[in-house]
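Structural description and commentary
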Amino acid sequence: MVTQYGIKFAVHLITNHFGNLVAKVCENLFTHGPLTLDQLIRYTELTKEQVKNSLLVLVQHNCAQAFVSAPEDEDDDVGRLRVRTEYLALFDNIIHRLRFPKFLEIVSRKLDEECVELLDGLLRDGRLTLKQMVDRASQGKENAVATKAVRDMLCKLLTARFVERCPAPEPVVSTSFKEETTTRKRGAKSAKIFEAPETLEQRVLDAAVPGDGIRFSLTADTGCNVDGETNSDDAQMVNVEENVEKEEQILWRANFEEFIRHLRHKVLIENVRTQHDDGTATVLSAVLEATRTVEKKVKMDNSVPLSLDTIITEVMKTDTGRTMTIDRIRASLGQLGCSQRMIVDDLYSIDLKKIIERARNEEVESVVLKRYGRDAYRMFRLLSKDSCFHDTDQIAASTLVEKKEAPKLLFKLWKDNYLYMEKVGLTGAKLSTILMWKVNKPLLWEYVLDEMHHAALNLSLRMAFEQEKDEELLNVPKDKLKEPGPLQKKYKRLLNVWLLLGSSLMKLDDALMLFHDF
């Protein structure tokens, strides 16, 4: 879900990083949806060259994706022949720019410093070829860095799936969404499962991303010709030279999906550690690590099923796991929601969605406690846990809140969109109305997410204001800033303000990911 302030925050980030012209193009893509080059020129009132350059910047930095609309059945012959390239703004990728320090920190823990530098170049420049990576690594050094050394670093990042091939530049995508006409069998289990409708952005991204065999492969050719026959020795010699040239032309970029998966796993493990203990967190960590490469998407509702023997083997690889018995591991799986009725064919699957929902509930409850006090917090928590309607008297009695205070607090929460309220009329000798209260979690989480984007936008604007206010300090030589005096005090204050605002924004971003990305 993309909220109103989420779009404003994304446009603000683009303005900070690439300037007003690029931000104007980006904002129109958010406002009007996918647009062609001519439509963008008309909406932005910029020159063709300005719009083209802005789109190139957005695509280079993975903030927009071009695609070609597939011809529809009702199109005439002229319409079928016309190629219509449209551009789509990628909201998630724009917000991910805020998380680059977190991505670098993940790689610094998993791999070496050289890989961190290589990834830093990809994050800064968006997309690079192997040759461009070599040139970048050689900057400021007496001797040029060997291509093989950079290639080895790229191989490490590809093996860990931190880097991927860039998607297809202009995939052909059908933009029509027809209603499903096939009727399900009566009483079918699938009829009970609600699936969110596919969005155009999902369809475009799925069409653009290559298969895993190509996506994380460094080699340009597999050594076989198009007929599947192995090439001769002479042909292979020629292919080696051709492949080297092809490899240098392949564009690479950071794989944001893998970084978000790592951050999600970290949140899952830490929440389980807080809720239970280190042993249960170790079991969950082992399961997630063993199934990381086979997860089909980031937002997995349940972990990939594993046998008990496989889980035990993975747990024993860790220091904490070696101290755990099989019974202790079984008990931890029980704490993680793997009850006997959930185990199919002796395979264990953990309910990850439940852990995320609990973390979201705790985040919202903490906000309610700070804003409205303990009485409102108790009433909100009761409604959040029960997930059903309660009348005012029931809520007051269950939470031990005074009857006079309960309606006031409930109305405050309702007015600020934290509660859903319905009026129920009672018929009898005397007509009366009862107020029923409930927490509508999907609507509440969308509202909370929008509030968080608003807060992130305000923090970013404040950081920009502080920098602009004391801009002259950034031009002062560092030697003068080290001398005691009013200039040094002013500079220290600016550093402290930046540190406070920056750390607050990073902490807020953790909550943003919890509600949007996880």
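Going by the structure above, here's the rest.
First, a word on scope: everything that follows refers to the structure included in this document. All figures in this text were calculated on a predicted structure; none of them were measured in a lab.

Rules used throughout
- Residues numbered from 1 in each chain as written.
- Predicted model: local features only at pLDDT ≥ 70, side-chain atom pairs only at ≥ 80, totals over all residues.
- Heavy atoms only, no water.
- Helix = DSSP H or I, 4+ residues; strand = E, 2+ residues; numbered from the N terminus.
- Buried < 20%, exposed > 50% of the residue type's maximum accessible area, 1.4 Å probe, protein only.
- Contact = heavy atoms within 4.5 Å.
- Pairing = 2+ DSSP bridges.
- Arc of directions from axis to C-beta.
- Salt bridge = Lys/Arg side-chain N within 4 Å of Asp/Glu carboxyl O.
- Axes fitted to C-alpha atoms, helices over the stretch in contact; angles between N-to-C directions.
- Parallel < 35°, antiparallel > 145°, perpendicular 65-115°, else oblique.
- Nonpolar A, V, L, I, M, F, W, Y, C, P; charged D, E, K, R; others polar.

**What to know about the overall build of the chain**
Helix and strand content of the chain: 25 helices and 10 strands. For the chain, with 518 residues in total, the buried portion stands at 42%. Across the chain, the fraction of contacts at a sequence separation of at least 24, relative to all contacts at a separation of at least 6, is 70%.

**A short note on the sheet that holds strand β1 (residues 64-69)**
Here three strands make up an open sheet; going across it, the order is β2-β1-β4 and the pairing mixed. Each of the sheet's edge strands pairs with one partner strand only, and the pair in question is β2 (85-89) and β4 (172-173).

**Side note on helix α17 (residues 326-335)**
One full turn of an α-helix is made of 3.6 residues, so residues set three or four places apart face in the same direction. By the burial criterion, the buried members of α17 are Ile329, Ser332 and Leu333. Looking down the long axis of α17, one finds its buried residues gathered within 100° of arc, a one-sided arrangement.

**What about the pairing of strand β10 (residues 432-438)?**
In the sheet, strand β8 (residues 390-391) pairs with β10 via two bridges, with the strands oriented antiparallel. Across the sheet, Asp391 pairs through a bridge with Met436, a residue of β10. Sheet analysis places strand β9 (residues 420-426) next to β10, joined by seven bridges and oriented antiparallel. Opposite Tyr420, over in β10, you have Lys438 as the bridge partner.

**Looking at the environment of Gln275**
Tracing the sequence through the fold places Gln275 in helix α14 (residues 256-275). With 84 residues separating them along the chain, Gln275 and Ala359 place their C-alpha atoms 9.9 Å apart.

**Notes on helix α3 (residues 37-44)**
When we look at burial in α3, the residues that qualify are Leu37, Leu40 and Thr44. Along the axis of α3, the buried residues cluster in a sector spanning 60°; they form a single face. Exposed and oriented more than 90 degrees from the buried face of α3 are Asp38 and Arg42. Along its buried surface, α3 packs onto α2 (20-32), α4 (48-60) and β2. Just beyond α3, the residue with positive phi is Glu45, at close to 60°.

**Regarding the pattern of salt bridges**
For the coordinates displayed, the defined rule picks out 32 salt bridges. Two residues, Arg215 and Asp212, come together in a salt bridge whose shortest N-O distance is 3.9 Å. Of this pair, Arg215 and Asp212 both sit in helix α12 (residues 212-215), three residues apart, which is roughly one turn of the helix. In this structure Arg215 comes out as buried when scored by relative accessible area, which is 9%.

**A short note on the packing of helix α15 (residues 278-291) against α17**
Orientation of α15 relative to α17, taken along the N-to-C sense of each, is 85°, at an axis distance of 9 Å. Comparing their axes, α17 and α15 come out roughly perpendicular. Counted together, Gly279, Thr280 and Val283 of α15 and Arg328, Ile329, Ser332, Leu333 and Gln335 of α17 form the full contact between these two elements. Residues of the contact of α15 with α17, tallied by class, amount to three nonpolar, four polar and one charged.

**Observations concerning the environment of Ile312**
Tracing the backbone through its elements, the reader meets Ile312 in helix α16 (residues 308-315). With a relative accessible area of 14%, Ile312 lands in the buried category. Distance in space between the C-alpha atoms of Ile312 and Thr325 is 9.1 Å, their sequence separation being 13 residues. Excluding its chain neighbours within four sequence positions, the residues that come into contact with Ile312 are Ile326 and Ile329.

**Regarding the sheet that holds β8**
Taken together, three strands build an open sheet; the order of strands is β8-β10-β9 and the sheet is antiparallel. Of all the strands in the sheet, the pair left with one neighbour each is β8 and β9. Lying on the sheet, helix α21 (residues 405-415) is in contact with β9 and β10; it crosses β10 at an angle near 60°.

This is a description of form; function is not addressed.
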